[in-house]
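# An overview of the molecular structure
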Protein chains: 2
Amino acid sequence: MDKMETAVLLSGGLDSSVALHWAHRNHRVRVALSFDYASNHAERELKCAAWQAASLGIEHRVIDISSISSHLKSALLSGADDIPDGSYDEELMKQTVVPFRNGIFLSIAAGVAESCGAQQLVIAAHSGDHSIYPDCREEFMAAMTEAIRLGTYAGLGILRPFIHMSKGGIAAMGQDLGVDFSRTYSCYKGGAVHCGVCSTCMERREAFREAGIPDPTAYAPAE
Amino acid sequence: MDKMETAVLLSGGLDSSVALHWAHRNHRVRVALSFDYASNHAERELKCAAWQAASLGIEHRVIDISSISSHLKSALLSGADDIPDGSYDEELMKQTVVPFRNGIFLSIAAGVAESCGAQQLVIAAHSGDHSIYPDCREEFMAAMTEAIRLGTYAGLGILRPFIHMSKGGIAAMGQDLGVDFSRTYSCYKGGAVHCGVCSTCMERREAFREAGIPDPTAYAPAE
């Protein structure tokens, strides 16, 4: 694989932390980009993102888009009490959609990547991303990739290395790459420890189980 | 034409002001969206945008994305002294490119439009938009339209009513629609009066000439 100048979208969660390590192994990572969009879990996620980038000696930028959030409608952006528990299968989870979030992230990342001379972006989209989120689906990712290729001088590419992998497969790859999972944060509720019952926490637990590796996450005791 | 709930991208320049009037005539305009990205000419443009929306009784929102600008490389975002004079044909004008600006604007607008129940966006892209700006070309617009359709619940559409029109044609249409062109602002330098010599000013003058209508713009005296 040719090494290319790369920018990585890094939320600080499990998937994107593995993506950062994968990109660091296979490309030249110029910058890791995080977005502060005033979500409930921003503070803890962003600390993990900073830690992961620093551990690899990669520049980390946090782009503040909280001023956009007041115009977007989502339970993720209001308060932890509004986050529904349970699996993503439920219609209820639609409340956690942030309209066109991945489109907004990828567009801004494309502008920043073009400005700093990168040739490609890496995003940790994976096969388990949910059909209730239209901007997580591969058909969207493919169309957005084409738009970004056509709309930039560099003809920026978007790599989705995990697009055909499950979250368990990503956790297993992260283990091989030496990712410290205790320095990743997933919970939508944003508490000091993972709540263990929201949809992302349930998926996180399941990923470690599926990968057959220890789960270093501190979960809140079941009530 | 079916009237649809519509959001309009409104910079406050000539083209987008005509687009707002066109959309008001043909659709139900729910909101006009402007972006403050800390450009040299933001202040004067945004005042014109607010005036145009108010004149039609349309809600106007200014979305502050100035925090993104520090990550983007462009003469438009630094100081008026860095804006080159002359026509867009010159390689020099590449300095005024804001990387992936239309992609960023359209993505955020898509999220906001989805949040407020609109079914389509209107953008004033036209045939004279320049090939030095890759994110102005119709091939980009078509790909981005597809990405936004796939990435939103509403399957949002993007209308480009002027895509096959010249700027002169747009000015002529604006005249028919009763647009007050004295309340539009184009100059990249952001002065109290239009400089008259930057590329956008030259195009503005030419548009009125081509349309055969009076140009109400106050230009700075030639030096």
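An unreviewed UniProt entry annotates chain A as 7-cyano-7-deazaguanine synthase of Akkermansia muciniphila. As stated in UniProt under Function (unreviewed entry), the record for chain A gives "Catalyzes the ATP-dependent conversion of 7-carboxy-7-deazaguanine (CDG) to 7-cyano-7-deazaguanine (preQ(0))." UniProt, in its Catalytic activity (unreviewed entry) section for chain A, records the words "7-carboxy-7-carbaguanine + NH4(+) + 2 ATP = 7-cyano-7-carbaguanine + 2 AMP + 2 diphosphate + 2 H(+)".

### What to know about the overall build of chain A
The secondary structure content of chain A amounts to seven helices and five strands. When the helices and strands of chain A are listed from N to C terminus, the series reads β-α-β-α-β-α-α-β-α-β-α-α. Sorting the 223 residues of chain A into buried and exposed places 59% on the buried side. Here chain A has roughly 8700 Å² of accessible surface; of this, 49% comes from carbon and sulfur atoms.

### Considerations on the relation of the copies chain B and chain A
Superposing chain B onto chain A requires a rotation of 180 degrees together with a translation of 0.0 Å along the rotation axis, leaving an RMSD of 0.0 Å. When the rotation and shift are considered jointly, the pair of chain copies conforms to a two-fold rotation axis. When you check the interface residues of chain B against chain A, 100% turn up at the interface there too, and the contact is symmetric in its surfaces.

### Looking at the interface of chain B and chain A
On the side of chain A, 39 residues touch chain B, which itself brings 39 residues to the contact. Interface of chain B and chain A: buried area, both sides summed, is about 3000 Å²; carbon and sulfur atoms make up 69% of it. Considering only the surface of chain B that becomes buried against chain A, H71, F100 and Y153 of chain B emerge as the three largest contributors, covering 23% of it. One can count zero salt bridges joining chain B with chain A. Residue classes in the side of chain B that touches chain A are distributed as 22 nonpolar, eight polar and nine charged.

### Focus: unusual backbone geometry
Although it is not a glycine, F100 of chain A adopts a positive phi angle of roughly 60 degrees. Residue position: F100 of chain A is located in the loop between α3 (66–69) and α4 (101–115).

### Overview of the sheet that holds strand β5 (residues 157–159) of chain A
All names here are of chain A. Here five strands make up an open sheet; going across it, the order is β3-β2-β1-β4-β5 and the pairing parallel. The sheet is open, and its two borders are formed by β3 (60–64) and β5, each paired with just one other strand. Each adjacent strand pair in this sheet contributes to an overall mean axis angle of 30 degrees, direction not counted. With three bridges joining them, strand β1 (residues 5–9) and strand β4 (residues 120–122) adopt parallel strand pairing. Residue pairing for β4: V8 is matched across the bridge by V122.

### Let's talk about the packing of aromatic side chains
Overall, the coordinates contain eight aromatic pairs over all chains when judged by the stated rule. Residues F100 of chain B and F140 of chain B carry aromatic rings whose centres are separated by 5.5 Å and whose planes lie at 75 degrees to one another, so their mutual orientation is edge-to-face. Of this pair, F100 of chain B sits in the loop between α3 (66–69) and α4 (101–115) while F140 of chain B is found in helix α5 (residues 138–151), placing the two residues 40 residues apart along the sequence. For F140 of chain B, a relative accessible area of 0% translates into the label buried. Arranged with centres 5.2 Å apart and planes meeting at 85 degrees, the rings of F181 of chain B and F208 of chain B form a pair that is edge-to-face. Here F181 of chain B, found in the loop between α6 (167–177) and α7 (199–211), pairs with F208 of chain B, found in helix α7; they are 27 residues apart in sequence, far enough to count as distant. Assigned by exposure class, F181 of chain B and F208 of chain B land together as buried. A network of ring pairs unites the aromatic residues F35, Y37 and F105 of chain A as a single cluster. The lysine or arginine in question, R205 of chain A, covers the ring of Y219 of chain A, its NZ or CZ lying 4.0 Å from the ring centre.

### Some details on the UniProt feature "binding site: ATP" (unreviewed entry) in chain A
Residues and elements named next belong to chain A. As annotated by UniProt and renumbered to match this structure, "binding site: ATP" (unreviewed entry) occupies L10, S11, G12, G13, L14, D15, S16, S17, V18, A19 and L20. Position of G12 among the secondary structure elements: in the loop between β1 and α1 (14–26). Using a relative accessible area of 0% as the deciding quantity, one classes G12 as buried. Setting aside its immediate chain neighbours within four residues, G12 contacts S17, E45, C48, A49, T184 and Y185. Among the structural elements, V18 can be located in helix α1. With sequence-adjacent residues up to four places away left out, V18 is seen in contact with F162, I170, M173, G174, L177, V179 and F181.

### Considering α1 of chain A
All names here are of chain A. Counted at 1.5 Å a residue, the expected span for α1 with its 13 residues is 18 Å, and the 19 Å between its end C-alpha atoms agrees. The element α1 is extensively covered by neighbouring structure, given that 11 of its 13 residues are classed as buried. Within the sequence span of α1, burial applies to L14, D15, S16, S17, V18, A19, L20, H21, W22, A23 and N26.

### Some thoughts on the pattern of salt bridges
Counted by the stated rule, this structure contains 16 salt bridges over all chains. Here the residues in one salt-bridge network are E5, R28 and R30 of chain A, joined through shared partners.

### Re the packing of α4 of chain B against α5 of chain B
In a packed pair of helices, the relevant descriptors are the angle between the two axes and the axis-to-axis distance. Residue and element names in this part refer to chain B. Following both chains from N to C, one finds α4 and α5 inclined at 25 degrees, their axes separated by 11 Å at the closest point. As the angle between them shows, α4 and α5 are arranged roughly parallel. Judged by the twist between their axes, the crossing of α4 over α5 is right-handed. Facing α4, whose interface residues are N102, G103, L106, S107 and A110, α5 presents F140, M141, M144 and I148. Considering only residue class, the contact of α4 with α5 consists of six nonpolar, three polar and no charged.

Cut-offs and rules
Residues numbered from 1 in each chain as written. Chains lettered and ligands numbered in written order. Predicted model: local features only at pLDDT ≥ 70, side-chain atom pairs only at ≥ 80, totals over all residues. Heavy atoms only, no water. UniProt positions renumbered as here; feature names shortened; annotations may be inferred. Helix = DSSP H or I, 4+ residues; strand = E, 2+ residues; numbered from the N terminus. Buried < 20%, exposed > 50% of the residue type's maximum accessible area, 1.4 Å probe, protein only. Areas by Shrake-Rupley, 256 points an atom, 1.4 Å probe, with all protein chains shown as cover. Least-squares fit on C-alpha atoms with pLDDT ≥ 70 in both. Contact = heavy atoms within 4.5 Å. Buried area = accessible area lost by both parts, 1.4 Å probe. Salt bridge = Lys/Arg side-chain N within 4 Å of Asp/Glu carboxyl O. Nonpolar A, V, L, I, M, F, W, Y, C, P; charged D, E, K, R; others polar. Pairing = 2+ DSSP bridges. Axes fitted to C-alpha atoms, helices over the stretch in contact; angles between N-to-C directions. Phe/Tyr/Trp six-rings, centres within 6.5 Å; stacked < 30°, edge-to-face > 60°. Lys NZ or Arg CZ within 6 Å of the ring centre and 35° of its normal. Expected span 1.5 Å × (residues − 1). Parallel < 35°, antiparallel > 145°, perpendicular 65-115°, else oblique. Left-handed = near helix turned anticlockwise from the far one by under 90°.

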